[in-house]
Amino acid sequence: MVSILPNPHSVDQSQIRLEIRSLQPQLVEWRRHLHQRPELGFKEQLTAQFVAQKLQEWGIEHKTGVAQTGIVATIASNRPGPVLAIRADMDGLPIQEQNDVPYRSQHDGLMHACGHDGHTAIALGTAYYLSQHREDFAGTVKIIFQPAEEGPGGAKPMIEEGVLKNPDVDAIIGLHLWNNLPLGTVGVRSGALMAAVECFRCTILGKGGHGAMPHQTVDSIVVSAQIVNALQTIVARNVNPIESAVVTVGEFHAGTAHNVIANTARMSGTVRYFNPAMEGYLSKRIEQVIAGICQSQGASYELDYWHLYPPVINDAKIAELVRSVASDVVETPAGIVPECQTMGSEDMSFFLQAVPGCYFFLGSANPAKDLAYPHHHPRFDFDETALAMGAEIFVRCVEKFCQ
Ligand SMILES: [Zn+2]
Ligand SMILES: [Zn+2]
């Protein structure tokens, strides 16, 4: 796949930049169009229509209705070569936008508060550029427009419907616009980038009664309080301190009156870790802690546990490809940030389990323009200058990988 001869079709890198920068007004227009029309996971009908219409316009072969609202575009060159996939997620969030901008959400209670509108625009720009420059790469590029990243997850059903097959994908890349990093930087690293996410819901079944007569009851609040505290010892005392993990109880509901001992208490929580070898370990410890404390106090419990997304693990070679391309794009060594791990999660991980690849963060915060609110905040917005940078990184990765 890698030729030792210079690529006869290689183009002047600065020409790529000029051409992609000239797409910036369209990238902004598409992003704002999508920003005004956020849709929840597996309901991205307007978004998918918009994407399909553009692909149609540009004569790009594509398949719609993959995993309900997903789309796969295939851009073949006229030379045989590897197959590189590029993934963009398309869904919004159930958040009421509080930004006062002309392109604010027109869908009540829904918002693109994570930047997936930008991901879709960047992928469209990349598709357009590549379709106009099929002679500049070998092989095939598949662009995967994925639904439902925010939940329940569109990557897995897309893989099950065969998006990585026929032609078989050799590697995959994807990006997240990232307000935890300033504009002009790229967070990229080999190995674990984002954590696995699991969650649980637990009901503690005690025996209610009079607040003045505890001896006749099993106090579900006292039992649950011990459980919440003991769950914290899993990370502190069971996980190797060299590893990273989180056990958070984010919900706790119990009781109805000051003089009533609560019959039941409910809690829910989230669990994160990087090391794939820890799969199954934290869930087992959580149940042991709950069961042990319940048994010691005469309570019982109901526990539901979900293993949602595995950790995002980047392949060393593809991460190096992205790093080398990104350093050309940001043009400053300080612009590459390898210390960018987060306990946040992403279902890009399913693609990365199936084929080698690299997911990376494209810095998009600009505090000088008041564009630095965190992801999922009702005032989230990003510096749109990042859009052309994202498309340029994707295009250059294609031209470097697909030879
Ligand atoms: Zn998000
Ligand atoms: Zn996101």
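Along each chain, numbering runs from 1 in the same order as the chain's sequence is written. Labels are handed out in written order, letters beginning with A for the chains and numbers beginning with 1 for the ligands. With the structure being a predicted model, the display of local features is reserved for residues of pLDDT at least 70 and the display and counting of side-chain atom pairs for 80 or more, all residues being used for whole-chain, interface and lining totals. Computation of side-chain values covers all heavy atoms of the structure but excludes hydrogens and water.

Asker: Looking at this structure, how should I read the sheet that holds strand S4 (residues 140-146)?
Answerer: In sheet architecture, strand pairing relies on hydrogen bonds along the backbone and comes in two forms, parallel and antiparallel. By the convention used here, strands pair only if DSSP detects at least 2 bridges between them. Numbering of helices and strands runs from the N terminus, with a helix taken as a DSSP run of H or I at least four residues long and a strand as a DSSP run of E at least two residues long. Strands sit in the order S1-S2-S4-S3-S5-S16-S6-S15 across an open sheet of eight strands; the sheet is mixed. Here the strands that pair on one side only, and so sit at the sheet edges, are strand S1 (61-66) and strand S15 (336-337). Across the sheet, helix H10 (residues 385-401) lies against strand S3 (83-89), S4, strand S5 (171-182), strand S6 (186-187) and strand S16 (357-365), angled at about 155° from S16, the strand it touches most. By definition, residues are in contact when any of their heavy atoms lie within 4.5 Å. To obtain an axis, a line is fitted to C-alpha atoms, over the contacting stretch when the element is a helix, and the angle between two such axes runs from 0 to 180 degrees between their N-to-C directions.

Asker: What should I look at first to understand the coordination of the zinc ion (ligand 1) in this one?
Answerer: Only N, O and S atoms count as donors, using a 2.8 Å limit from the metal and a wider 3.2 Å limit for Na, K and Ca, and since water is excluded some coordination spheres may look unfilled. Coordination of the zinc ion (ligand 1) by the protein is provided by Cys114 (SG), Glu150 (OE) and His376 (NE2), with metal-donor distances spanning 2.0 to 2.2 Å. Look at where the donors of the zinc ion (ligand 1) fall in the sequence and you get C-x35-E-x225-H. Taken as an interatomic distance, the gap from the zinc ion (ligand 1) to the zinc ion (ligand 2) is 3.1 Å; Cys114 donates to each of them. Of this pair, Cys114 sits in the loop between S3 and helix H4 (116-132) while His376 sits in the loop between S16 and H10, placing them 262 residues apart in sequence. Exposure categories follow from relative accessible area, calculated using a 1.4 Å probe and restricted to protein chains: below 20% of the type maximum is buried, above 50% is exposed, and the middle band is partly exposed. The exposure class of His376 is partly exposed, given its relative accessible area of 36%.

Asker: Would you explain the pairing of strand S12 (residues 264-273) in this entry?
Answerer: The side chains of a regular strand alternate, first on one face of the sheet and then on the other. With seven of 10 residues buried, S12 is to be regarded as a mostly interior element. As judged from the 10 bridges shared by strand S8 (residues 196-205) and S12, these two strands associate in the antiparallel manner. Counterpart to Ile204 in the pairing with S12 is Ala265. As paired elements, strand S10 (residues 245-254) and S12 share nine bridges and run antiparallel to each other. The partner of His253 across the bridge, within S12, is Arg266.

Asker: Explain the pattern of salt bridges to me, please; I cannot follow it from the model alone.
Answerer: Oppositely charged side chains can pair when the atoms bearing their charge come close. By definition here, a salt bridge exists when the distance from a side-chain nitrogen of Lys or Arg to a carboxyl oxygen of Asp or Glu is within 4 Å. Evaluated as defined, the whole model comprises 15 salt bridges. Glu160 is the salt-bridge partner of Lys156, the closest N and O atoms lying 4.0 Å from each other. Of this pair, Lys156 and Glu160 both sit in helix H5 (residues 155-160), separated by four residues, roughly a single helical turn. For Glu160, a relative accessible area of 59% translates into the label exposed. Its salt-bridge partner being Asp383, residue Lys369 comes within 3.2 Å of it at the nearest N-O pair. Of the two residues, Lys369 sits in the loop between S16 and H10 while Asp383 sits in the loop between S16 and H10, which places them 14 residues apart along the sequence. Look at Asp383 and you get buried, because its relative accessible area is 2%. Three or more residues joined by partner-sharing salt bridges are found here, namely Arg31, Arg32, Asp117, Asp381 and Glu384.

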